[in-house]
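Given next are the chains, with one letter for each unit.
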There are 2 protein chains.
Amino acid sequence: MASIDGDVSPLAHVTEFLVSDTRETTLTEPDVENPRKVKFTVTPVKLDPLIRTSQDETKNHDGLVPRPHNRKYSDAFTQFEQDDVTLGTLTTPSDTLLTQSSITALLSSKFKDFHKKMKQYGLASPRFRKRLVSKWESLNYDKNECDLYCEEEHDNQSKKKYLLKTVSRWVIMFIVGIGAAVLAAGIHIIVEVVAHKKFGLIQKYIDKCAKENCLIIPVLIWSGINLVVSLLAAALVTYLSPMAAGSGIPLIKSYLNGVKIPGLLSLQCFIAKTVGVVLSILGGLACGKEGPMAHSGSIIAAGLGKGRIHWCGKKRKEIKLVMWSDEVYESFRSDHEIRDFVAGGAASGVSAAFGAPVGGTLFSVEEAASFWNTELVWRVFFSAMVACFTTNVLISAFNGDPTHLSNPGLVRFDTFQSLSFNLIEIPVFMVMAVIGGLIGALFVVLNYKLTVFRQKYLHRYKWIKISEAGLVAVVSAIIGFMMMYGLNDCVESKPSSHHALTSKMFCEDKKYNSMSSLFLTTPEGCLKALLHDPFDSFSATSLVAFVVVFFMLGVWTYGLSVSSGVFIPSLAIGAAWGRLVGMGVIQLFPDQAKDLGKYALIGAAAQLGGILRTTISLTVIIVECTGDISFGLCIMIALMVSKWVGDFFTTGLYDMNIEVSGIPILMPEPPPMCEHLKASEVMSQPVLSLYPKEKVGYIIDVLIAETFSGFPIIEPRSKRDQSVGKLKGLILSSQLLTLLRKKNFAPEGMPCPSNVRMKDFNDPFPTELIKIEDIDQKLTDEEKECVIDFRPYMNKTPYTVSPEFSMPRVFRLFRGLGLRHIIIVNDRYEPLGMVTRKDLAKFRAESKRGMLKIEHLKIEDI
Amino acid sequence: MASIDGDVSPLAHVTEFLVSDTRETTLTEPDVENPRKVKFTVTPVKLDPLIRTSQDETKNHDGLVPRPHNRKYSDAFTQFEQDDVTLGTLTTPSDTLLTQSSITALLSSKFKDFHKKMKQYGLASPRFRKRLVSKWESLNYDKNECDLYCEEEHDNQSKKKYLLKTVSRWVIMFIVGIGAAVLAAGIHIIVEVVAHKKFGLIQKYIDKCAKENCLIIPVLIWSGINLVVSLLAAALVTYLSPMAAGSGIPLIKSYLNGVKIPGLLSLQCFIAKTVGVVLSILGGLACGKEGPMAHSGSIIAAGLGKGRIHWCGKKRKEIKLVMWSDEVYESFRSDHEIRDFVAGGAASGVSAAFGAPVGGTLFSVEEAASFWNTELVWRVFFSAMVACFTTNVLISAFNGDPTHLSNPGLVRFDTFQSLSFNLIEIPVFMVMAVIGGLIGALFVVLNYKLTVFRQKYLHRYKWIKISEAGLVAVVSAIIGFMMMYGLNDCVESKPSSHHALTSKMFCEDKKYNSMSSLFLTTPEGCLKALLHDPFDSFSATSLVAFVVVFFMLGVWTYGLSVSSGVFIPSLAIGAAWGRLVGMGVIQLFPDQAKDLGKYALIGAAAQLGGILRTTISLTVIIVECTGDISFGLCIMIALMVSKWVGDFFTTGLYDMNIEVSGIPILMPEPPPMCEHLKASEVMSQPVLSLYPKEKVGYIIDVLIAETFSGFPIIEPRSKRDQSVGKLKGLILSSQLLTLLRKKNFAPEGMPCPSNVRMKDFNDPFPTELIKIEDIDQKLTDEEKECVIDFRPYMNKTPYTVSPEFSMPRVFRLFRGLGLRHIIIVNDRYEPLGMVTRKDLAKFRAESKRGMLKIEHLKIEDI
């Protein structure tokens, strides 16, 4: 490959690192959605001849069987000509400003050493965080206002329908709230009842066997139950829907950010998630049920919004959930509307889990800058409020007093004895926040290493994944028992909760084993005990041991192939060391009230902040859980400082998850110091352009050979004008598939049938189900000679920018409007390239150990 | 004028209604910022000859003195040629698709009857709500990435600076929070102390004179104090800063929405606002201090962000508030950065006023869809938290116990005895919400009529405005006294607050006059009494009388030329009738607890919702004030239903205010059912285009004659090509002024001096202070022959869209990115027209009595 010197075109560098596998003169095209297939013979010295040298066509487009059609396949590529980009200068029409200035920018910018870096991260050593995976596509939030759409809208438009749609949205959000609440309360009640029975049984045997010296029996019972149940939990997730593993929040975040995640909102994911989380907790794993709740809420919302839910197995089944006429649902089946419903569902889930309607709403909105509008947020908030209220009624009813309404969410921190604090305590809280940030960063690093290890070695066979979950469950049981047995920490004070199970084990009368109140309960019960139990419930040694053990279990559990949340374990770890700090402070200043509650709370908040790093919504959620606004500032400081400290070392756990998956998420703001990058340097190029009318056979060739998700439509060239055609529109590959499937073509000269409607394009899973190869086989040679007319279906007004646009502005345009493609046009309105999500997401700012770094991620095809 | 038939170009109709004052064949250009000055002789049958008929130049551009320059003034107008807009069709290059389809769209759409409607709203009868005022311009949130900027950024760019800026933002937000809190607490304490003295004096005289039969003395004292203080309050606002009248929230809303409001953030506005609100309350007006707090907080934030605050009198003074190097401040002086600080300031103000940090944050964010990003919201939230906490410390310290921290805000609803509720109570709350909505709508209607009356008749002379305030204050005092005297409602129960002043008047021993506890206090004290006083504190008759009287006073007070908020009066009215409803319910179901608190609260919420109609932030604010999340659902229902009921009749009070001022605010979503409108129908057209190099004299001519705020720069025409030039960039008129002022020009052929830096363009008030006429006089004829080169300063990449873009998508682009101009280009990249804020804001959806209507507002020049 050419060395870096002033003469080399900037794009040569940018694309260079992509070819570490094929060390020849072939240059892999960076992207439109899939970088692998299009290859060009190229001498990467000047950009100019990049595409023009296409003499040897069959070699360039391997895999493409030559077919009889008039137009050459390679002709369709819009060429990047050097004088196309002279928009920057006015007086000298033929200069090479872009190339020159870009080289300067590139050499002087932080990207100088792409080449070196990218070699380090070659395919040989999979650096999971430094890449994007090409399979993730964008959702399309922009409306395709094609002629067909305008026509249908024109017929449909009526005030009555507009009102019906508005009312439907509210009613659906109401039912989503109820649904999320019923689900949350149901899971909560089942877990509480069954777990109480399970731990009651174990406790009985422990107390019996401590006297009769048969302690092996409770250990066997405990590990046995854990093993069986957790194997079930893991099998359910692994076989039914691997998407349901983990908390689901990173995936929901990505979805709301605009990434298409196939199967995320399917029925089997719902089942695996909800049943799975019950089994995980009953299986004794160190996990919570709050994250999964947000995911389940989202699935409920998507199902109710679309009026149907899919079973995406080998055969795709559809279950109808009808409430309105199908006409209303049809208009709700666009990416845009479903995202709005999913935002409501996620908010309801969080709201039901924590009793935090405002926090839930913020959680949903935080991730999706592009769609904050008052009316939508109001609907989301309504849904969250309904969820919170319904959960409250249901759980209060379960507790025997439905009118008391004291259980707004599943997790509540209950009332603290006192949360008054002194200004001089704030430094203490800040130190705790630093500790939280450090422990959090360690958690993320360890979990990252474990995740990579799992992806490399354990995820080859399903049975390994399942066995690992079983192993963790058994180890959890044994460790729990060992803690009780080994520490034998006997205390006198009563636990604050009346439901708590305590075991005596070897303790004297009127005393009990302190560890039993932490291990003979669900992780939530454990958290409550740590927050509220009296001052002398746990000895310092026990707490230290608990923190270490629970931390290790937490790291190991998160990322298993089970449905599990990380909120509760994080909070429990933090609450435990928070108590420790509190005990230290009270030792130093003995005239204080012996109340550890606030220290445990700050510790919990700091730990959560250190691990997750989400900020405003988390603060509000914890404040709402606590119910004390004055103390909010302390919680906020704890979360903020712990985030800063944590960010100094790593990204947050959820972000780490997203990065490991290679999901091209877009940050709310463009990466700093990228002002020098121009759209022409960011764009994918060359683009494959189509004419307004194309032969069926040719389209099939294109679709088989390429995985571009959208194609610019250009004006047909006349003979005398050799330049590229003017941009006329944009058509998506999914639209092409639909048109082919519906046989929307006719022999040349005849009008095409008008058998396609907008709703045919809105079907969310066409690309997954329609294989282009199948269509190819089904069509006769005669049909392949027919012509498709794209004009009624193409988006006539795609967003275009000039090549001089700076990358931050392209970024804001893309993210602000939720786009899928931006076409770069020159001043003759001819397409030069396209910008997609991955072109923007590949620039990532990372702040590591206080240093700000801009990285250029690799796009990988798996 | 031509009648509507198929042959008439759509733009002829759209612009037609603008000429109701000049019934000839002159056609007023709809906009770029000012519609008045450019006039064209036109026969409005075809769009084509719209500009071409420019033979009689001196008549067309009256007021323009012919000057010696090579290029003709009218040449600069980019022409709208019919074949420029054929982008929609691919095969037939010369058809008239746009014209045809637009006519169809126009005739079939709701805009058919523009002509008729617009005649009704002619200038003769000023319908204040159906217009936009041309003086309001947009802020510019998009960066002008011109060559100069790139150059400076290139020199400036360093990680250190980036970090310094980030840290500065946080520190400034911290200080903003402290500042807002100190201000809020200061105002609160002064008002409490002085008002207590004032009412103590009056009470003493009342009780003395009730026995000695000299009741005229307290009446005189009362009205005397009110008169003097309120005259002062009104004089302060009227003479110092008329912008400070009212609550300020509508103006802050508009500012955050992106409208430039000169003087809103100036020092005299700050003084008038803060001192004014103290005087207003002490003057006995029925108003609160919460709205003004948001405004003052914003001014503090803007001042601290810019590092200086302006005194915008006849002479403009500048007070420096230095904390960082001037270099940091320079980068904060863009519209974009200041808006972010103002959002924080407004949130802090609300947070300090209500002790509602989350509510305050939402209040700020709700208005500004375009800039929700996690980091900013986090900063805003931090600032709000700091404000809430500091207020708490300060007020607790004033109350004698700084560590108790029980006063997070100025207004708190305090703890209610019980807020548990039964599900069957929800219908009652809904009925109350309907009442709230109805009363609220009546409030808005009455206040609207009053506002229009004031604008028509009272606002001619300043002394009338001031006298009106004095009159209201005296009437308030007399009514207060009459209520106590006339009703003579003697009760036995003690008021809940220990501070409350009660007068005996004619009551027996151990009893007191119930009205005295409502009128011998500030409106806030009155609200607290209504929320918390025991069941039999007020008789039903007293409450009815209070509601009627306070409602009338509230309507009359809001809109006076004093600094005053409407929150507290609204809440008090609602709480009073809420108590009434509660008394009725308890009468019907006598076995209930005799607790009126929750009914008063719901009444207050419903009334506030009915008057203001803001939704999510208000709910959160009230929930935070109440501190009970379970009851949140009831409050939410009350606010929601009252909003719906109110919206059925009118818009909310703040929106009414904005509409009366003619501020072109953009709703979060484009108006419904406007999909058929194309960008080419919305845009202002023709546009005045400039060449990259122009003579100074010519630019001065243009600036004197036109009030366009931006000019497209086009490629110079060559002789052989007669079409319009390609778009090369955009320059703002404020930039032109700066270039002229800095004498950035040189004789033809010489290089221009490079004496202009980006910060010279960022000065927020250049257009107000630099008069183009002054510049004209100062320049010699020689200098006027010099040439300015725009290329280093013009925005080379303005946002462009094709004429086929639908209006909703243009709207989303404009609002989503906070733009000021969008240029419409044809497929040869030549400018056809521009879209500015007013072009989009003139389409307004209004739902009146359940009917959805799209209105087309008039742009008026005052």
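Bear in mind the structure is a predicted one, so any value in this text is a computation, not a measurement.

Draft legend 1. Quick peek at the overall build of chain A. Within chain A one finds 34 helices and 21 strands. Expressed as a percentage of its 862 residues, the buried residues of chain A come to 64%. Within chain A, contacts between residues separated by at least 24 positions form 76% of all contacts whose residues are at least 6 apart in sequence.

Draft legend 2. Fine view of the packing of helix H8 (residues 216-240) of chain A against helix H10 (residues 267-282) of chain A. Residue and element names in this part refer to chain A. It is at 9 Å that the axes of H8 and H10 come closest, and there the two elements cross at 165°. In terms of axis orientation, H8 runs roughly antiparallel to H10. In the crossing of H8 with H10, the sense of the turn from one axis to the other is left-handed. Contact residues: Asn-226, Val-229, Leu-232, Ala-233, Leu-236, Val-237 and Leu-240 in H8; Gln-268, Ile-271, Ala-272, Val-275, Gly-276, Leu-279, Ser-280 and Leu-282 in H10. Class assignment of the residues belonging to the contact of H8 with H10 gives a composition of eleven nonpolar, four polar and no charged.

Draft legend 3. Fine view of the relation of the copies chain A and chain B. Laying chain A over chain B is done by rotating through 180° and shifting 0.0 Å along the axis; what remains is an RMSD of 0.0 Å. Taken together, these values place the two copies in the relation of a two-fold axis. With an isologous cut-off of 70% or more, the 100% of interface residues of chain A that recur at the interface of chain B puts this contact in the isologous class.

Draft legend 4. Summary view of unusual backbone geometry. Residues and elements named next belong to chain A. Positive phi is not limited to glycine here, since Asn-213 has a value of about 55°. Tracing the backbone shows Asn-213 in the loop between helix H7 (159-212) and H8. For Asn-213, a relative accessible area of 70% puts it in the exposed group. At Lys-743, a position not held by glycine, the phi torsion is positive, near 50°. Structurally, Lys-743 is set in the loop between helix H28 (733-741) and helix H29 (758-762).

Draft legend 5. Spotlight on the sheet that holds strand E16 (residues 800-801) of chain B. Residues and elements named next belong to chain B. As summarised here, the arrangement of the three strands in space is E16-E17-E18, forming an open sheet in which the pairing is mixed. Since the sheet does not close on itself, it has two edges, and those belong to E16 and strand E18 (831-835), each with one partner. As paired elements, E16 and strand E17 (residues 822-825) share two bridges and run parallel to each other. By the bridge assignment, Thr-800 is partnered in E17 with Ile-823.

Draft legend 6. Layout of the interface of chain A and chain B. On the chain B side, the residues contacting the 91 residues of chain A number 91 residues. Around 8,900 Å² of area is buried between chain A and chain B when both sides are counted, 68% of it from carbon and sulfur atoms. Seen at the junction of chain A and chain B, the total is four salt bridges. Its salt-bridge partner being B:Lys728, residue A:Asp827 comes within 3.4 Å of it at the nearest N-O pair. Counting every contact that joins chain A to chain B gives eight residue pairs in polar contact (both at pLDDT 80 or more). Residue assignment for the side of chain A that touches chain B shows that the elements contributing at least two residues are helix H6 (147-156), H7, helix H14 (357-366), helix H15 (374-398), helix H23 (616-626), helix H24 (632-649), helix H33 (807-817) and strand E20 (851-856) of chain A. In terms of residue count, H15(A) provides more of the side of chain A that touches chain B than any other element does, ten residues in total.

Draft legend 7. Structural view of the packing of aromatic side chains. For the structure shown, the criterion picks out 27 aromatic pairs over all chains. Note on A:Phe443 and A:Phe551: the rings are 5.6 Å apart at their centroids and 80° apart in plane angle, and the pair reads as edge-to-face. Here A:Phe443, found in helix H16 (residues 425-457), pairs with A:Phe551, found in helix H20 (residues 540-557); they are 108 residues apart in sequence, far enough to count as distant. Look at B:Phe174 and B:Phe382: their rings are 6.0 Å apart centre to centre, the planes differ by 25°, and that puts the pair in the stacked class. Taken together, the residues span a long stretch of sequence, with B:Phe174 in helix H7 (residues 159-212) and B:Phe382 in helix H15 (residues 374-398) at a distance of 208 residues. Of the residues examined, B:Phe174 reaches a relative accessible area of 37% and is grouped as partly exposed.

Draft legend 8. Summary view of the pairing of strand E14 (residues 727-732) of chain A. All names here are of chain A. Counting buried residues along E14, six of its six residues qualify, which places the element largely inside the surrounding structure. The pairing of strand E13 (residues 710-714) with E14 spans five bridges and is classified as antiparallel. Across the sheet, the residue bridging to Phe-711 is Ile-731, located in E14.

Draft legend 9. Just the pairing of E17(B), in detail. Residue and element names in this part refer to chain B. Side chains Ile-822 and Ile-824 project from E17 onto one buried face, and the interleaved Ile-823 and Val-825 project onto a second face that is buried too. Between the parallel pair E16 and E17, the chain is carried across by helix H33 (residues 807-817), and the sense of this crossover is right-handed. A loop of five residues connects E17 with E18, the two strands running antiparallel in sequence, and Tyr-829 in this loop sits at a positive phi of about 65°.

Draft legend 10. How the structure looks around the confidence of the model for chain A. All names here are of chain A. Within chain A, residue pLDDT values average 77, and 78% of them lie at 70 or more. Confidence drops under pLDDT 50 across residues 1-74; counting only partners more than four residues distant or on other chains, this segment forms 158 contacts. Note that pLDDT drops below 50 for residues 117-126; the model gives that stretch 14 contacts with residues more than four away or on any other chain. Interface scoring of the predicted complex returns ipTM 0.79; its pTM is 0.81.

Draft legend 11. Spotlight on the environment of A:Val365. All names here are of chain A. Topologically, Val-365 is positioned in helix H14. The class for Val-365 is buried, based on a relative accessible area of 4%. Taking the C-alpha atoms as reference points, Val-365 and Val-445, 80 residues apart in sequence, are found 28 Å from one another.

Draft legend 12. Structural detail: the sheet that holds strand E18 (residues 831-835) of chain A. Residues and elements named next belong to chain A. Here three strands make up an open sheet; going across it, the order is E16-E17-E18 and the pairing mixed. Only two strands of the sheet have a single neighbouring strand rather than two, namely strand E16 (800-801) and E18. H33 contacts E16, strand E17 (822-825) and E18 of the sheet and is inclined by roughly 145° relative to E17.

Draft legend 13. Representation of H15(A). All names here are of chain A. In this model H15 runs 36 Å from its N-terminal to its C-terminal C-alpha over 25 residues, within 8% of the 36 Å that 1.5 Å per residue would give. Of all 25 residues that make up H15, 20 are buried, and the element is covered over most of its length. Two residues or fewer after H15 comes Gly-400, characterised by a positive phi angle close to 100°.

Draft legend 14. Fine view of helix H8 (residues 216-240) of chain B. All names here are of chain B. Its 25 residues give H8 an end-to-end C-alpha distance of 35 Å, which sits within 8% of 36 Å, the value for a rise of 1.5 Å per residue. Listed in full, the buried residues belonging to H8 are Pro-218, Val-219, Trp-222, Ser-223, Asn-226, Val-229, Ser-230, Ala-233, Ala-234, Val-237 and Thr-238. Contacts made by the buried residues of H8 are with H7, helix H10 (267-282), helix H17 (462-487) and helix H18 (516-519).

What counts as what
Residues numbered from 1 in each chain as written. Chains lettered and ligands numbered in written order. Predicted model: local features only at pLDDT ≥ 70, side-chain atom pairs only at ≥ 80, totals over all residues. Heavy atoms only, no water. Helix = DSSP H or I, 4+ residues; strand = E, 2+ residues; numbered from the N terminus. Buried < 20%, exposed > 50% of the residue type's maximum accessible area, 1.4 Å probe, protein only. Contact = heavy atoms within 4.5 Å. Axes fitted to C-alpha atoms, helices over the stretch in contact; angles between N-to-C directions. Parallel < 35°, antiparallel > 145°, perpendicular 65-115°, else oblique. Left-handed = near helix turned anticlockwise from the far one by under 90°. Nonpolar A, V, L, I, M, F, W, Y, C, P; charged D, E, K, R; others polar. Least-squares fit on C-alpha atoms with pLDDT ≥ 70 in both. Pairing = 2+ DSSP bridges. Buried area = accessible area lost by both parts, 1.4 Å probe. Salt bridge = Lys/Arg side-chain N within 4 Å of Asp/Glu carboxyl O. Polar contact = N/O pair within 3.5 Å; in protein donor to acceptor, adjacent residues only side chain to side chain. Phe/Tyr/Trp six-rings, centres within 6.5 Å; stacked < 30°, edge-to-face > 60°. Right-handed = clockwise from strand over helix to strand, strands pointing away. pLDDT = per-residue confidence, 0-100. Expected span 1.5 Å × (residues − 1).

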